[in-house]
Amino acid sequence: MAKQIWLVLLTCISVGNCAKLLTVALMGGSHTLMMEEISKILAREGHSVSNFHHVLNSFDEPEITRDNYTYIPWSIGGSYPEIHRKVKYAFVQNALQGKYSLHWFFNILDLHAYECDKLLSDSDVLTRLRNKNFDLLVIEAFHFCTFLLAEKLQVPFVAIYGTSAYNARYIHMPSNPSYVPAFMSHLTDSMNFLERLQNAWVQLRNYFEGRMCFSRFDGVIRKHFSGEDINLEDLQHKAELWIYNTGFFLEYPRPLQPNVVFVGSYLAKPAESLPQEIEDFVTSEQGFIVVALGTMAESITDQHLVKKMTRVFSQLPHKVIWRFNNSSWPPGLSLPSNVKIYKWLPQNDLLGHPQVQAFISHGGINSLHQAVYHGVPVLGMALFYDQMDNIIRLVSKGMALSISVGELEEETLRTKLTQLLTNPSFKQNAIRTSKQLRFQPFTTAELTSRWIESILKVGSGAHLKPHSYQMPTYQLYLLDVCGFALVAVVLIVFCAYQVLRSLIHRLRPTKAGKKEKAT
């Protein structure tokens, strides 16, 4: 370990650009994995990197060294892990029944606000972070508290968004509803009149729903920033740069602001060899299928759904490897010989295996990136949030099919799986899309490190930010111009009406006089 630290120090001395960076991840699952990967990328560039991460269970050590960066865990402790588990369980249960709604998402945001209050109240951890004198924060922007933490520490920051550009409105990215599908619209970029009408409505609805999401943190802001004029939308404008964990291999073409960068995928990479036990199971003449519905739904508690899926899998000639918490498997339901469950799977390595045939996924952005990278056809079973939109993007590229988890029937699952496995066009389209990801001019790591290095050397990203961040709403949306134009039109019409009315009144007596002379 000492040798690795000396190598980092020598790199800093040789290139003269070593900075103290803090990466912040307050969410679990793939969000954490993404920020850990970013921490590794920046550490390899010679920077002194710390990764601050919220964990449910307490750690004995305040800091741990791993992969050339410092890992700083933070936990609320007490009864919170159980509270978190219950809210998450209820959220997933409703999603598995096709009942996802904004109400259930608000419950998750309320958890985030509670976590944020506890974090900003922890003077010890805030003091420790301040004393490290970081040059730049790299925050995972899905958890709104990361913006408040950056403001509290008074350190400039780069924002990482772990999925597609669904927050585009808040950072003033052009989003013409005629060809840019709104978040949760479930549309493609090719829309007819009714779909454009629907898309415009959804975009308007998202504006008000976004305000409602921000409002869940109003109490936290009032408590910890008393007397300060702070709101979450303005804090998003403070980001020196926005980096998105996506690219145009999945996104529809759209305009970007200069302070926005699509870098590709952090968790899609060449496959490594599988553990021998898994390798022995998946190796077969017919190949195998990977089933993984994400960290939020590692166990499906709906036994009817599990039984339906199991019966269909038992009829396939392929092996099926399924991420499922073993302790939650329905009692009395035996596993078919061609199906094996694991609490954890080396998903990227399985998808990169030469014998993989298909991937049944919930549509999480990182899972789909891995499927795209390795050219694997996808059967999407979206549960919540952006997942349906993500799957629709792959469906439009011809490498995926979609099925509703809330209305899943055995025959439908069997039919779509058979179609995915037997129609060669899905594999061909998957390979074509894979090339779009693999053969970008720069790798994800190169784009990330070069852009952050640019911000560090310049000192800020102010030159990239649009002037719209400084404009009041009425100017930004041309309400003053529209108002002026409306008043001008009304005045012109009114004046024209008065002139026409005056002319008519003048002409009427003349006509009457002519009639009298004629008689």
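Structure shown above.
Residues numbered from 1 in each chain as written. Predicted model: local features only at pLDDT ≥ 70, side-chain atom pairs only at ≥ 80, totals over all residues. Heavy atoms only, no water.

Observations concerning the sheet that holds strand S8 (residues 260-262)
- Strand order in this open sheet of 8 strands is S3-S4-S2-S1-S5-S6-S7-S8, and the pairing throughout is mixed. Looking along the sheet, the strands with just one partner apiece sit at the ends: strand S3 (64-66) and S8. Recorded for the sheet is a direction-independent mean angle of 25° between the axes of neighbouring strands.
- Of the strand pairs in this sheet, strand S7 (residues 242-244) and S8 are connected by 3 bridges, and their pairing is parallel. Bridge pairing in S8 places tyrosine 244 opposite phenylalanine 262.
- Together, strand S1 (20-25), strand S2 (48-54) and strand S4 (69-74) form the strand contacts of helix H5 (residues 123-131), whose direction differs from that of S4 by roughly 165°. (Pairing = 2+ DSSP bridges. Helix = DSSP H or I, 4+ residues; strand = E, 2+ residues; numbered from the N terminus. Axes fitted to C-alpha atoms, helices over the stretch in contact; angles between N-to-C directions. Contact = heavy atoms within 4.5 Å.)

Points about the state of the cysteines
- Inspection of the entire model under this criterion finds 1 disulfide.
- Of all cysteine sulfurs, the one in cysteine 116 lies closest to cysteine 213, which takes part in no disulfide; the gap is 15 Å.
- Assessed through its relative accessible area of 10%, cysteine 213 is described here as buried. (Disulfide = S-S within 2.5 Å. Buried < 20%, exposed > 50% of the residue type's maximum accessible area, 1.4 Å probe, protein only.)

A short note on the pairing of strand S12 (residues 356-361)
- Counting buried positions over the 6 residues of S12 gives 5, a clear majority of the element.
- Of the pairings in the sheet, the one linking strand S9 (residues 288-292) to S12 comprises 5 bridges and is parallel in character. Pairing of isoleucine 289 across the sheet is with alanine 358, part of S12.
- As paired strands, S12 and strand S13 (residues 378-380) are joined by 3 bridges and run parallel to one another. Along S13, the bridge assignment pairs isoleucine 360 with leucine 379.
- Between the parallel pair S12 and S13, the chain is carried across by helix H13 (residues 365-374), and the sense of this crossover is right-handed. (Right-handed = clockwise from strand over helix to strand, strands pointing away.)

A word on helix H15 (residues 410-422)
- Over its 13 residues, H15 runs 18 Å from end to end, which matches the ideal 18 Å to within 8%, given 1.5 Å per residue.
- For H15, the full list of buried residues reads Leu413, Leu417 and Leu420. The arc that holds the buried residues of H15, viewed along the axis, is 60°, so those residues lie on one side.
- Check the buried side of H15 and you find it contacts S9, helix H11 (303-314), S12, S13, strand S14 (400-402) and helix H16 (424-438). (Expected span 1.5 Å × (residues − 1). Arc of directions from axis to C-beta.)

Remarks on the pattern of salt bridges
- In total, this model carries 15 salt bridges according to the counting rule given.
- A salt bridge links arginine 393 to glutamate 251; the shortest N-O distance between them is 3.5 Å. Taken together, the positions of arginine 393 in helix H14 (residues 387-396) and glutamate 251 in the loop between S7 and S8 put the pair 142 residues apart, joining distant regions of the chain. Glutamate 251 matches arginine 393 in its accessibility class, with the two residues each being buried.
- Note that glutamate 411 is salt-bridged to arginine 414, the shortest N-O span being 2.6 Å. One end of the pair, glutamate 411, and the other, arginine 414, are both in helix H15, 3 residues apart, so they sit about a helical turn from each other.
- The partly exposed category is assigned to arginine 414, whose relative accessible area is 22%.
- Connected via shared salt-bridge partners are Arg311, Glu410, Glu411 and Arg414. (Salt bridge = Lys/Arg side-chain N within 4 Å of Asp/Glu carboxyl O.)

Everything listed here is a matter of geometry and, on its own, says nothing about what the molecule does.
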